[in-house]
Amino acid sequence: MNKKIAIKGGNPLNGEINISGAKNAAVAIIPAALLVDGVCRLENIPNIVDVMVQLDIVRGMGADVKFLTPTIVEIDSRNLDRSDPPFELMRKLRASYYLMGALLSRYHDVEVAMPGGCNFGGVRPIDLHIKGFEALGAETAVKEGGFVCVKAENGLHGKTIFLDVVSVGATMNIMLAATLAEGQTVIENAAKEPHIVDLANFLNAMGANVMGAGTDVIKITGVEKLHGGTYSIIPDQIEAGTYMAAVAATGGSLLIKNIIPKHLECISTKLVEMGCEVTYTDDTVRVTRTGEIHRTNIKTMPYPGFPTDMQPQMAIPLCLAQGASVITEGVWDSRFRYVDELRKMGAEIHVDGKVAVFNGVDRLMGAPVTAYDLRAGAAMIIAGLAAVGDTTISDTRHIERGYDDIVGKLRSVGAIIEYVEVPGEAE
Ligand code: EPZ
């Protein structure tokens, strides 16, 4: 039996949705817990596959992982019994690369499988991560079978590292490696995403000395060890943005709770241009659309610019806008594989390299489509909700990697959406 998501489209969304903890913060903070000499209690853990795999990886290395409630987990890695994480699990997600920085910091020696994850930009390199580790005194070698060995025989020593491309993963991995290194590490041209600040706040709460996260210069002064403590993960900016884009596409009014307004500014600016009303309180945002969708242009950029991880979801209201809109992908080499699926639903889209032009149509029509990656999958759900008729989405495993109960949350606000078992069909 295989699972698909089935949607009957055409219903506006109305009601309230609660946002879960941030995937891209949690997948970095779980490996960071391996640096802690004590018990780490993590709150606001999202129930998503990438987080569960990351927890399985640290469990597989001997960490004691205990859920106290569905969203609170305790990690005690004092008795870690091996330095090499399980290869097969490593290959399941991109964020497994954070094990490199964490284990290098703790053991000065690590061998990992090349990370997996969404494939939308051709090769997803880790050269900047490696350059950072080498600047701190490590030697690296890529071995047969896709393994990377990183070793710092004489320990890690603080240095100034300039990232010539703004990279979220490299910034966080170097932060992890530098946490227990000797002396001060300075990361210049660092990424500024909310999850970078969250990792820094977590590390500092456990006794690290990380300054400047959220700006483009981060200074980490190495400490001897980290102590245990409790930390609550920030709400997921992209999950919130996905529901905001959904209501822009379907119409209606959603109150989205447990958010940080600052993180959503870049998204709401575009939704307002598209004709939505967006109002905030301290920790909620309401998005309402009653009229036509207006055209706009979007260019993705590192934070605080418009997030690439919201690009496919915002494409759906633009498919239905009056006039032509342009999306320019400014982070990945290509992230438009999903447009072929939208064309099956009647969208008019022309792609040339990193630029896609959306000529608005009156309606999308339900169709069988595939979720090629996590955010493309979210876009297929939004398209199905906005379309006339029935849509089925295959390869839903991508969606489950990063969205906590998306089907249940959407049903609670009026969507007609469910999982269906499809006998005998290969996904
Ligand atoms: C993170 O990936 C996110 N993943 C991605 O979200 C997100 O799309 C991306 O940041 C950009 O915001 C996680 O946090 C787990 P990068 P990451 O290093 O860290 C180039 C999602 O949907 N680069 O910031 O892997 C790279 O090719 C996922 O939730 C190098 O050249 O992205 C890209 O053009 C998918 N060399 C740019 O930097 C390197 O060593 C940004 O990549 C590393 C990256």
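Predicted model only: the values in this text are computed from it and were never measured.

Engineer: Looking at this structure, how should I read the environment of Met172?
Structural biologist: Tracing the backbone shows Met172 in helix H6 (residues 168–179). According to the relative accessible area criterion, Met172 is buried, its value standing at 0%. For Met172 and Gly251, which are 79 residues apart along the polypeptide, the C-alpha to C-alpha distance reads 38 Å. When residues no more than four places from it in sequence are discounted, the contact partners of Met172 are Asn24, Ala28, Tyr98, His195, Ile196 and Leu199.

Engineer: In this structure, what is going on with the site of the ligand? I would like to understand it.
Structural biologist: Taken together, 24 residues sit near the ligand, with Leu128, Ser167, Asp309, Val331 and Arg375 positioned nearest. Taking Arg94, its side chain carries an N or O atom lying 3.0 Å from an oxygen atom of the ligand. Asp127 is positioned such that a nitrogen or oxygen atom in its side chain is 2.8 Å from a nitrogen atom of the ligand. Against a free-state accessible area of 830 Å², the protein chains account for coverage of 91% of the ligand. Mapped onto the shell around the ligand, the elements with two or more residues apiece are helix H1 (23–32), helix H5 (127–135), H6 and helix H12 (374–386). The element best represented in the shell around the ligand is H5, accounting for three residues. Counted by class, the shell around the ligand contains 12 nonpolar, five polar and seven charged residues.

Engineer: Would you mind showing me how to read the domain arrangement of the chain here?
Structural biologist: Bring the parts together and some accessible area is lost; that lost area is often taken as the interface size. Once the domains are mapped, the chain shows domain 1 (2–20 + 235–422) and domain 2 (23–232). Tallying the contact residues gives 22 residues for domain 1 and 17 residues for domain 2. In total, domain 1 and domain 2 occlude about 1800 Å² of area from one another, counting both sides; carbon and sulfur atoms represent 56% of this. Our count for the contact surface shared by domain 1 and domain 2 stands at one salt bridge. Note that Arg401 is salt-bridged to Asp50, the shortest N-O span being 2.9 Å. Where domain 1 meets domain 2, there are five residue pairs in polar contact (both at pLDDT 80 or more).

Engineer: Help me understand the pattern of salt bridges in this model?
Structural biologist: Where side chains of opposite charge bring their charged atoms close, a pairing between them can arise. A full pass over the atoms with the stated rule returns 18 salt bridges. The closest approach of N and O atoms between Asp390 and Lys8, which form a salt bridge, is 3.0 Å. Residue Asp390 is found in strand E22 (residues 390–394), and its partner Lys8 is found in strand E1 (residues 2–8); the two are separated by 382 residues along the sequence. Between Lys143 and Glu111 there is a salt bridge whose closest N-O contact spans 3.1 Å. On the criterion of sequence distance, the pair formed by Lys143 in strand E7 (residues 139–143) and Glu111 in strand E6 (residues 109–113) is long-range, its members being 32 residues apart. You can call Lys143 partly exposed: its relative accessible area is 38%. When salt bridges that share partners are traced, they join Lys23, Asp50 and Arg401 into one network.

Definitions and cut-offs
Residues numbered from 1 in each chain as written. Predicted model: local features only at pLDDT ≥ 70, side-chain atom pairs only at ≥ 80, totals over all residues. Heavy atoms only, no water. Helix = DSSP H or I, 4+ residues; strand = E, 2+ residues; numbered from the N terminus. Buried < 20%, exposed > 50% of the residue type's maximum accessible area, 1.4 Å probe, protein only. Contact = heavy atoms within 4.5 Å. Near = heavy atom within 4 Å. Polar contact = N/O pair within 3.5 Å; in protein donor to acceptor, adjacent residues only side chain to side chain. Areas by Shrake-Rupley, 256 points an atom, 1.4 Å probe, with all protein chains shown as cover. Nonpolar A, V, L, I, M, F, W, Y, C, P; charged D, E, K, R; others polar. Domains from an automatic or database assignment. Buried area = accessible area lost by both parts, 1.4 Å probe. Salt bridge = Lys/Arg side-chain N within 4 Å of Asp/Glu carboxyl O.

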